[in-house]
Amino acid sequence: MRYALLALLTLALSGCSLIISDTECEADADCPTGTCTADGLCDVGASSGCADDSQCAADEMCDEGACAPLIEGMSCERMGSDAEDALVLGFIMTFSGPDKEGGVSQRQVVELALDEINNSGGVSGKQQRPLAFMACDDKADAEHAKAALRYFSRAGIPATLGPGFSSVLEEGAVEVGIPEGIFMLSPSSTAASIRDLNDDDLVWRVSSSDTGQTNTLAYFALWLAFEVAYAEADDPMEEITILAVHTLDNYGGDFRQGFEQSLQASAGVLLSSEDFEVEFLAEGYDNAPESETWDADVAALVTKIADSSPDILLFVGYDSTADILAQVKDIPELANVPLLLTDGTLSQKLATTYRTAGEMPEHVFGVQPGIRDGKAYEHFRTQHGLLGTGDPVPPNWTEFTYDAVYLLTYAAASMAPDELTGAGFAQAFKRFDDEDGTRLLVGPSQLIVACDTMADGANLDVLGASGALDFDPSTGEPRTVGILRWTLDAPESEDSTEVGTIEECGPAELYEGGVKTTIYLCNALCMT
C-alpha cells in the first residue's frame, strides 16, 4: 500500500495520468474499475471509470464514475527543481485575468528565491534536497484556490505560499486548507478578518493586517480635510465629506470599517468644537472587471460618487480601481478631489491612468505596508533589478513574497522528509522571533546557517527584505509594521515620451506591537 501511495504522488506531481489505486486484488473482478496488475493492485487507468477520488489523479476528482478535473481550467506548473526527490511546496496566486499584475510580479520573485536557494545547495538541515513549488493560478477566484488546495492535500503537499487576495485566502482556508491541515502563508492578504480565523495556527502572513494602513490613512485624511476646509481662509467649510469607495469583499469591507473607526478616533483627538464636522460615507461595488457589464457598472458607480459630492475620496480595491479613476477624472466636479489610495489599488495600470499631471488631483495619498530599508532589502532590490522586468523599484508585495519563500525553507529544514506536516510548519514559524536566537538576514548567504539552526532545534531572530519578521504566534503576523507612502507622477504634457509612474516617498509611520511608535512627517508628505 505504501508503494501505491508513493506512485500516486509521484505520477500526480510529474503530470502523468496513469493511476494505481491502493485497492489490493487477485483478478480484474476484484477492481471496481480497471484491471488487476501483476503487483496485485488495481490499475484504473487515465480514461477509465472510478469509484471514488482515490482512483483519480491528485488534480482530479471522481465525477459520476469518471475522473474529471477538480475545476475546469485549472492551471498548475512546477517551478524550481525538477529532481525526483525535491521538496515540493504549494504556491497559489493570480497569474491571469485583469488583476494579475501583482501575482505575475510575485511569481518572478519566487523564481528568484528558488534559484538562490537551489544554487546554494537546496534545503539543508533535516531535508538535504532541492526545492520546488507547484504554482497554481487561482484567477482571483476562490473556487480555483480551493481546487488547488484539494490538489495539494491529495498530493501530500503540506504547505503553500498564498493565495494573495484576502477574500480568496479566507474562503480557501476555511473550506479546504484548515480542514485538510495545510499550512498557508500569504505575502499579501491584509484583511483584518483573517486574524480572527479559527485556523489551528495554520494561516500566517508575512504581510500585516490593514490596521496600520487604516490608522495612517485616517490620520492623514484629517490633514487633507484641514487643507480642503481652510483652502479659502476667509470662508472655511463647516463640513467635510469623506467617501470610501470599496469592494464588497472582506478586504474592502474590513478596510472601510477600520478606516471609519480610526477616522472617528483621530477626529476626537485632532478636531476641536470650533473646527469643521466630518461626514463619512461609503459606497460598495462588486469587483468584476471581466464582466460584460463592467464599463456600465463603473459608469453607474461614478454617477453615485458624483451624487455624494465628496470632498475627499478613499478607494479600497484592486488593479481595476484604475478603470474607476479613468472615469472619475473626466467628471469636472470630481477631477481635483483629493485621493486616498490603498495597497490593493497600486499598479502600473493606475500609474498610466493620468496622461498628464494636469489631469491629476493636487493631492494623491497612497499607502502600502513596508519599510524598504536595511541590508536584506538592499540585496533583494539589487537582485530584483537583474531580472530585467523594467520596474524602477520592486513592485508592491514582492519583498514579502521573497521573505516567505525563505521562511518556508527554514521551517521545512526543521523536519525530516517523512515528518512534514502543516502543523509542523506552524510550530517552526513560532521559532522565528527569538531575541536570543541566531540573528540573520534573509538571503542566500546565511541560508545554510538558518536551516541547520532550525534542524538543531534552536531558534532564529530573522530580519527580512520586508523588515523584522517578529511574528506574534497568537495572530500569525509580524509585530513590527511599516506603512510606506506613495504617490503618482504623470508627464507634464501629452507630447512627452514618458508615462506615469509610482513614486515612493518612504515610510510614513511605524507600528510596533500594534502601537504607533514613529511618524516620518517628511516622507508622509512626500517632501523628501
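Scope of this entry: the structure provided in the associated data block. (Residues numbered from 1 in each chain as written. Predicted model: local features only at pLDDT ≥ 70, side-chain atom pairs only at ≥ 80, totals over all residues. Heavy atoms only, no water.)

This part covers the nonpolar core. Within the largest apolar cluster, 62 residues are counted, with the highest numbers of intra-cluster contacts made by Phe 152, Phe 259 and Leu 340. Considering each element in turn, this core owes the most residues, nine residues, to helix H5 (residues 211-229). When neighbours within four sequence positions are excluded, Phe 259 is seen to be in contact with Thr 214, Leu 217, Ala 218, Ala 221, Ile 242, Phe 280, Leu 314 and Leu 340. In this structure, Ile 117, Leu 161, Ala 411 and Leu 469 belong to the second largest nonpolar core, which totals 54 residues. (Core = buried A, V, L, I, M, F, W, Y, C linked by side-chain atoms within 4.5 Å. Buried < 20%, exposed > 50% of the residue type's maximum accessible area, 1.4 Å probe, protein only. Helix = DSSP H or I, 4+ residues; strand = E, 2+ residues; numbered from the N terminus. Contact = heavy atoms within 4.5 Å.)

The next subject is the packing of helix H3 (residues 142-155) against helix H4 (residues 166-177). For the pair H3 and H4, interaxial distance at closest approach is 9 Å and the crossing angle is 40°. It follows from the interaxial angle that H3 and H4 lie oblique. In the crossing of H3 with H4, the sense of the turn from one axis to the other is right-handed. Touching Ala 142, Glu 143, Ala 145, Lys 146, Leu 149 and Arg 150 of H3 are Val 168, Glu 171, Gly 172, Ala 173, Glu 175, Val 176 and Gly 177, all from H4. Residue composition of the contact of H3 with H4, grouped by class: six nonpolar, two polar and five charged. (Axes fitted to C-alpha atoms, helices over the stretch in contact; angles between N-to-C directions. Parallel < 35°, antiparallel > 145°, perpendicular 65-115°, else oblique. Left-handed = near helix turned anticlockwise from the far one by under 90°. Nonpolar A, V, L, I, M, F, W, Y, C, P; charged D, E, K, R; others polar.)

Compared with the 20 Å implied by 1.5 Å per residue over 14 residues, the 20 Å span of helix H7 (residues 294-307) between its first and last C-alpha is a close match. Structurally, H7 contributes buried residues whose contacts are with strand E12 (239-247), strand E13 (277-285), strand E14 (312-316) and helix H8 (321-328). (Expected span 1.5 Å × (residues − 1).)

Attention now moves to unusual backbone geometry. Among all residues except glycine, the phi angle is most often negative; among peptide bonds, the trans geometry is most common. The omega torsion of the bond from Gly 162 to Pro 163 falls at 5°, within 30 degrees of zero and hence cis. Here Pro 163 lies in the loop between strand E9 (159-161) and H4. Even without a glycine there, the phi angle at Lys 139 is positive, about 55°. In the Ramachandran plot, Trp 397 falls in the positive-phi region, its phi being about 75° despite a non-glycine side chain. Relative to the assigned elements, Trp 397 resides in the loop between helix H10 (375-385) and helix H11 (398-413).

Adjacent strands of a sheet form backbone hydrogen bonds with each other and so pair up, either parallel or antiparallel. If you walk across this open sheet you meet the six strands as E6-E8-E7-E9-E10-E11, and the pairing is mixed. Both edges of this open sheet fall to strand E6 (76-80) and strand E11 (203-205), since each of them pairs with a single strand only. With strand direction ignored, the average angle separating the axes of adjacent strands in the sheet is 25°. For E9 and strand E10 (residues 183-186), the ladder comprises three bridges, and the chain directions are parallel. Looking at E10, one finds that Ala 159 is bridged to Phe 183. (Pairing = 2+ DSSP bridges.)

Moving on: the sheet that holds E13. If you walk across this open sheet you meet the eight strands as E13-E12-E14-E15-E16-E22-E23-E24, and the pairing is mixed. The open sheet has two free edges, formed respectively by E13 and strand E24 (515-519), since each of these has just one partner strand. On average, adjacent strands in this sheet sit at an angle of 25° to one another, irrespective of strand direction. One ladder, built from nine bridges, connects E12 with E13; its direction is parallel. Looking at E13, one finds that Ala 244 is bridged to Ala 282. Across the sheet, H5 is in contact with E12, E13, E14, strand E15 (339-341), strand E16 (364-369), strand E22 (480-489), strand E23 (501-512) and E24; its angle to E16 comes to roughly 170°.

Any functional reading would require information beyond the geometric quantities listed.
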